[in-house]
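Chain by chain, the residues run as shown.
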Amino acid sequence: MALSNNDIFKKIRVAHKLRDDDMVKILALVDFRISKSELNAFFRNEDHPKYMECGDQILRNFLNGLIIHLRGPMPKKGEAQKTNPNKNKKKSNN
């Protein structure tokens, strides 16, 4: 039996001890707006009348937001070189 997107979403939520507010904020990091009630529909039982399938787009955006939440935003290409100017210099053997 394969895991559905809803199952993956639930497991990530439990593993990272995330609340509804946290998940809404994480999705907002990637400019994806969702309400708490829409979010809770993904965590209901499949036979519940308000149950909703978690689509690939929602899970993908959540995972991208979670990366930003845990690691911080990705530095721009020019900023990476400014932080470590000696990174590309060769060491001399003298």
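A brief look at the structure comes next. This is a predicted model, so every value here is computed, not measured.

About the cut-offs
- Residues numbered from 1 in each chain as written.
- Predicted model: local features only at pLDDT ≥ 70, side-chain atom pairs only at ≥ 80, totals over all residues.
- Heavy atoms only, no water.
- Helix = DSSP H or I, 4+ residues; strand = E, 2+ residues; numbered from the N terminus.
- Expected span 1.5 Å × (residues − 1).
- Buried < 20%, exposed > 50% of the residue type's maximum accessible area, 1.4 Å probe, protein only.
- Arc of directions from axis to C-beta.
- Contact = heavy atoms within 4.5 Å.
- Salt bridge = Lys/Arg side-chain N within 4 Å of Asp/Glu carboxyl O.

1. As for helix α4 (residues 56–71)
For step 1, the next point in the chain: Spanning 16 residues, α4 covers 22 Å between terminal C-alpha atoms, matching the ideal 22 Å at 1.5 Å per step.
For step 2, the next point in the chain: Listed in full, the buried residues belonging to α4 are Ile 58, Leu 59, Asn 61, Phe 62, Gly 65 and Leu 66. End-on, the buried residues of α4 take up no more than an arc of 160°, which puts them together on one face. Along α4, exposed side chains directed more than 90 degrees from the buried face belong to Asp 56 and Arg 71.
For step 3, the next point in the chain: Those residues of α4 that are buried are in contact with α1 (5–15) and α2 (20–28).
For step 4, the next point in the chain: Two residues or fewer after α4 comes Gly 72, characterised by a positive phi angle close to 100°.

2. Concerning the pattern of salt bridges
For step 1, the next point in the chain: With the rule as written, the count across this model stands at two salt bridges.
For step 2, the next point in the chain: Close ionic contact of Arg 13 with Asp 20 constitutes a salt bridge, the shortest N to O distance being 2.6 Å.
For step 3, the next point in the chain: In this structure, Asp 21 and Lys 36 form a salt bridge, with 2.5 Å as the shortest nitrogen-oxygen distance. In this pair, Asp 21 is assigned in helix α2 and Lys 36 in helix α3 (residues 36–41), connecting sequence segments 15 residues apart.
For step 4, the next point in the chain: When its relative accessible area of 42% is taken as the criterion, Lys 36 is described as partly exposed.

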